[in-house]
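Here is how the chains run, residue by residue.
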Amino acid sequence: MTAIPDHPLIEAARRLADDVLSPAAETHDREAVTPEAIAAVKASGVLGVNAPAAYGGAEAQAAVGREIAEILAGACCSTFFVQAQHHTPVRTLATAGQEAEAARERWLGPLSEGTLLAGIAFSHLRAYPKLPVRATRVPGGWRFDGRVPWYTGWGLNDVFLLGGATEDGEVVFAVADAREQPGLTSTPWLQLAALTGSRTVGLLLDGLVLPDDAVALRTPYERWAMDDRPKNTNTNPAVFGVARAALDLLDASGDGEAKETADALRPRLDAARRDAYALVDEVPPAERLDDRLAVKTRAYDLMRAATTAAIVAGGGRAFGLSSPAQRLAREGLFLVVQGQTAEVRTAHLEALRA
């Protein structure tokens, strides 16, 4: 396995996982991630792991962020998924140009320090040239109209990064308060087969106006898409975290065959992890996409094998709602489709046919 970096935030993530997230994971899954859990996430420092040091973040190497993601996802995927949204607004504000200066100075510090938690609402942009959320220039700002089909962390996030597209092919991202307000309402929580506790809703936009000083990014759609498309070909670290947690269940079961199964699967999981992260660290983002997709589907297979093994080893008891085995299996299924693009879907189905 790739060497785990030595960083204090990794130890903080382990404490957060052991003391707060793992004990509450089944409750979070069935009911909701609590404000108390989010307060613990904020206090741990993990929200600033890759944020710029100049704004109060840790500016740690990418491998540290990946290890933290694995730890949190393996402990409670619902909480992991809520906090996972936060890192995109941080990166966007940190790397955007002059048009984001006002938004950067207002929000990047609190987001990097972890006093504010951010969400995201822009996956609908991948439907372009359809315009699920339309951005229109108005005096002093931008008006957003349409529907965000999927927004995670409602009631837990402080702010969110909203993306819309214009009629002439520009995408506009702006920071908004994560609360109902004129032009913004939410649906009830979506009832999901897994991660219902992530407080995922739809957002209804009917004339939400955000000022120019809330703008985080403006760019032609094709330029944004060129950067966005390769991202989902990479393996989500959460896949390795959930698989690792399932193997740990096998090890802890006290059953010899279960442990043998974990011993057989772990080296294969480690190899997939090593290959996936090498592609991220050593290869330019837009290159070797087929290799990235191949290792991603390999990781899915191993996660499915690990979570299924945890169910098999647990027998009928594994289907009790208090059992982590059934939760991990459902979380694994969720990760298979989370962030899925047409390219990822095609590659995964081809691999399953093979």
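Residues numbered from 1 in each chain as written. Predicted model: local features only at pLDDT ≥ 70, side-chain atom pairs only at ≥ 80, totals over all residues. Heavy atoms only, no water.

Caption draft 1: Region of the structure containing the pattern of salt bridges. Scanning all chains against the criterion turns up 25 salt bridges. Notably, a salt bridge pairs arginine 273 with glutamate 67, separated by 2.9 Å at the nearest N-O pair. One end of the pair, arginine 273, is in helix α9 (residues 256–282); the other, glutamate 67, is in helix α3 (residues 62–75), with 206 residues separating them in the sequence. Judged by relative accessible area, arginine 273 falls into the buried class, the value being 5%. According to the relative accessible area criterion, glutamate 67 is buried, its value standing at 1%. Aspartate 212 is the salt-bridge partner of arginine 137, the closest N and O atoms lying 2.9 Å from each other. A residue pair is termed long-range when its members are at least 10 positions apart, and arginine 137 in strand β2 (residues 133–138) and aspartate 212 in the loop between β7 (201–211) and β8 (215–220) qualify at 75 residues. Taking relative accessible area as the criterion, aspartate 212 reaches 31% and is therefore assigned partly exposed. (Salt bridge = Lys/Arg side-chain N within 4 Å of Asp/Glu carboxyl O. Helix = DSSP H or I, 4+ residues; strand = E, 2+ residues; numbered from the N terminus. Buried < 20%, exposed > 50% of the residue type's maximum accessible area, 1.4 Å probe, protein only.)

Caption draft 2: Structural detail: the packing of aromatic side chains. Here the structure, examined in full by the defined rule, presents 10 aromatic pairs. Note on phenylalanine 122 and phenylalanine 173: the rings are 5.5 Å apart at their centroids and 70° apart in plane angle, and the pair reads as edge-to-face. Placement of phenylalanine 122 in the loop between β1 (118–121) and β2 and of phenylalanine 173 in strand β5 (residues 170–177) is noted, with a sequence separation of 51 residues between them. On the basis of relative accessible area, phenylalanine 122 is assigned to the buried category, the value being 11%. Ring geometry for tryptophan 150 versus phenylalanine 334: centroids 6.3 Å apart, planes at 20°, classification stacked. With tryptophan 150 in strand β3 (residues 141–151) and phenylalanine 334 in helix α11 (residues 324–337), this residue pair connects regions lying 184 residues apart in the sequence. When its relative accessible area of 35% is taken as the criterion, tryptophan 150 is described as partly exposed. Among the aromatic residues, those joined into a cluster by ring pairs are Phe122, Tyr128, Phe173, Tyr221 and Trp224. (Phe/Tyr/Trp six-rings, centres within 6.5 Å; stacked < 30°, edge-to-face > 60°.)

Caption draft 3: Structural detail: unusual backbone geometry. Between tyrosine 128 and proline 129 the backbone carries a cis peptide bond, its omega angle lying at 20°. In this structure, proline 129 sits in the loop between β1 and β2. For glutamate 59, which is not a glycine, the phi torsion comes out positive at approximately 50°. The phi dihedral of leucine 195 falls on the positive side, at around 65°, and the residue is not glycine. Positionally, leucine 195 belongs in the loop between β6 (184–186) and β7.

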